[in-house]
Amino acid sequence: MESLEVKHLTHHFGFTEILHNINFTLKKGEVVSIVGPSGGGKTTLLHLCAGLLDVAEGEVNNSFKTTAFAFQEGRLLPWKNVIENIAIALLARGEKKSVAIQKAQEIALKFGLEEDDFEKFPKDLSGGMKQRVNFARALVVKPSLLFLDEPFSALDIGLKRELYTHLIESCEENDMSILFITHDLIEAIRLSDEILLLEADPGHIVKTFKYDSPKEKRDDAFVYKESAKIVQDKEIIETFKLNTLELK
Amino acid sequence: MKFFLKILKDFPAYLWSGWGAVASILLFIAFWDVGNQIYGNLVLPSPLETFKTLYAMLHSKDILEQIDITLYRASVGFGLSLLFGSVLGLIAGFFATASMMSRPIVTILVGMPPIAWIVLAMIWFGMGDETVIFTVVVASFPIIFVGALQGTRTLDGELKEMADSFAFPWHMKFIDVYFPHIFSYIFPAWVSGLGMAWKIVIMAELLATSDGMGAELAIARSQLDTPTALALVTIMIGSLMFIEYIILEPIKREVELWRV
């Protein structure tokens, strides 16, 4: 059984403690989100889990066969066109070029890109289109674990929904797991099996919330009801400092 | 291969876009002729006379030999600068200490006037090929070195991270992530290094050798032969323009399509 286990993970940048004693397990097919205020160490935690940073204290055991990463700002290669940018993820895995190009074209169409866009360089793409390419690049390798670093934060609501649907479909079809970070509670509730609440200075998990209902059945009513409930939670109020915003 | 075919395919369109440049050169020649009418033949020979001299020169075996000699010195000097400048610049760029230590040395190399190098080289190597080649290398090496260094220093950390997250093998990291970025810095450096090499080779020859185009220029000066001097200048500028606009610029456009 593939899984990602994080045990007693602590991380420092210089003398500053960024993360303190993080423990959680992500099992195959699960979606776990990490929510918390900005600057709380979310990105550091994700990078440690994805192996982009070296673990100094504690353990990260990742037994997932293939992983992929979708970044917040696209990070497309500016000198490659749309198809090449998607295909490069497959080429890195040693796929043949012709096969990689064909798969890239298929998934690009599925992600709402048009054939006219295939030859375009990133400089000619809108923010939304870049993000479509970003997702296509991450999903084209059919990862068993996908890391998401707030990739929805700059997108309009329509495109967000479209991408959520693609993700939920991929989870169903390929039994894909997702570890993603966000500061949007509504988004977390829509997609996650489990939400980890990360409080800052140093980052540590204060509470976990579990949602059992199937993701494709979570309609707006459910999501809004649950979000209304969660913002009443004492830890959420403290972590996001919601009480200081109340009108006196 | 595909890449070169694409350059060839786009070449006619590129040439066609050159009419503006041609018009501006013709305008320049017109002003030149005005200058000739004001100052007379000795100071500024007419373009027609210059081009006639040029035509005669290009048909004389002796001058072609001199051009050959100069071409040889310039290409050896530029070739050495290209090789060492690029390689050392890349290496220096990958190591913070090396780039920090190389900066003052580059400043010394750039800051020292080429004429001073020529004097030193004449003392060290005598009057010959080595002196000229040495001066060319000393002048164009730092330009290329700095280009390569800047290219490596400014690599995008976020793209590196992306490459790591998809576990790019090392050769893909170099070819697909690092190289295009470095190339966009190093290529313009090659172009300016080449321009520098071509200018310096003439100067070094003028002062330090008895053959080559620079020496021809020195003879023309001593005989007050202005048409020959101008014809030589025309050859130098013409060849530089040919290399830059007909060979390098089309390559640059194709390689940097993603930029503009």
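Note: the structure precedes this text.
In this report, the structure presented in the accompanying data block is examined. (Residues numbered from 1 in each chain as written. Chains lettered and ligands numbered in written order. Predicted model: local features only at pLDDT ≥ 70, side-chain atom pairs only at ≥ 80, totals over all residues. Heavy atoms only, no water.)

A short note on the interface of chain A and chain B
Opposite the 21 residues of chain A that make contact, chain B presents 19 residues. For the pair chain A and chain B, the summed buried surface comes to about 1800 Å²; carbon and sulfur atoms form 71% of the total. For the pair chain A and chain B, the number of links is three salt bridges. With its nearest N and O atoms 2.7 Å apart, the salt bridge here joins A:Arg75 to B:Glu161. Inspection of the chain A/chain B interface yields four residue pairs in polar contact (both at pLDDT 80 or more). (Contact = heavy atoms within 4.5 Å. Buried area = accessible area lost by both parts, 1.4 Å probe. Salt bridge = Lys/Arg side-chain N within 4 Å of Asp/Glu carboxyl O. Polar contact = N/O pair within 3.5 Å; in protein donor to acceptor, adjacent residues only side chain to side chain.)

With respect to unusual backbone geometry
In this structure, A:His8 takes a positive phi of about 45° despite not being glycine. Relative to the assigned elements, A:His8 resides in strand E1 (residues 3-13). (Helix = DSSP H or I, 4+ residues; strand = E, 2+ residues; numbered from the N terminus.)

Some remarks on the sheet that holds strand E7 (residues 177-182) of chain A
Residue and element names in this part refer to chain A. A sheet is described by the order of its strands in space; here six strands give the open sequence E5-E6-E7-E3-E8-E9, paired in mixed fashion. The open sheet has two free edges, formed respectively by strand E5 (67-70) and strand E9 (204-210), since each of these has just one partner strand. Going from strand to strand, the sheet's axes swing by 15° on average, the running direction of each strand aside. Note that strand E3 (residues 31-35) and strand E8 (residues 194-199) share four bridges and pair parallel. Bridge pairing in E8 places Ile34 opposite Leu196. (Pairing = 2+ DSSP bridges. Axes fitted to C-alpha atoms, helices over the stretch in contact; angles between N-to-C directions.)

Details of the pairing of strand E2 (residues 16-27) of chain A
Residue and element names in this part refer to chain A. Of the pairings in the sheet, the one linking E1 to E2 comprises eight bridges and is antiparallel in character. When the sheet's bridge partners are listed, Leu4 is paired in E2 with Leu26. Hairpin geometry of E1 and E2 is characterised by an intervening segment of two residues between the two adjacent antiparallel strands and by a positive phi of about 65° at Gly14.

Geometric descriptors of this kind do not, in isolation, establish any biological role.
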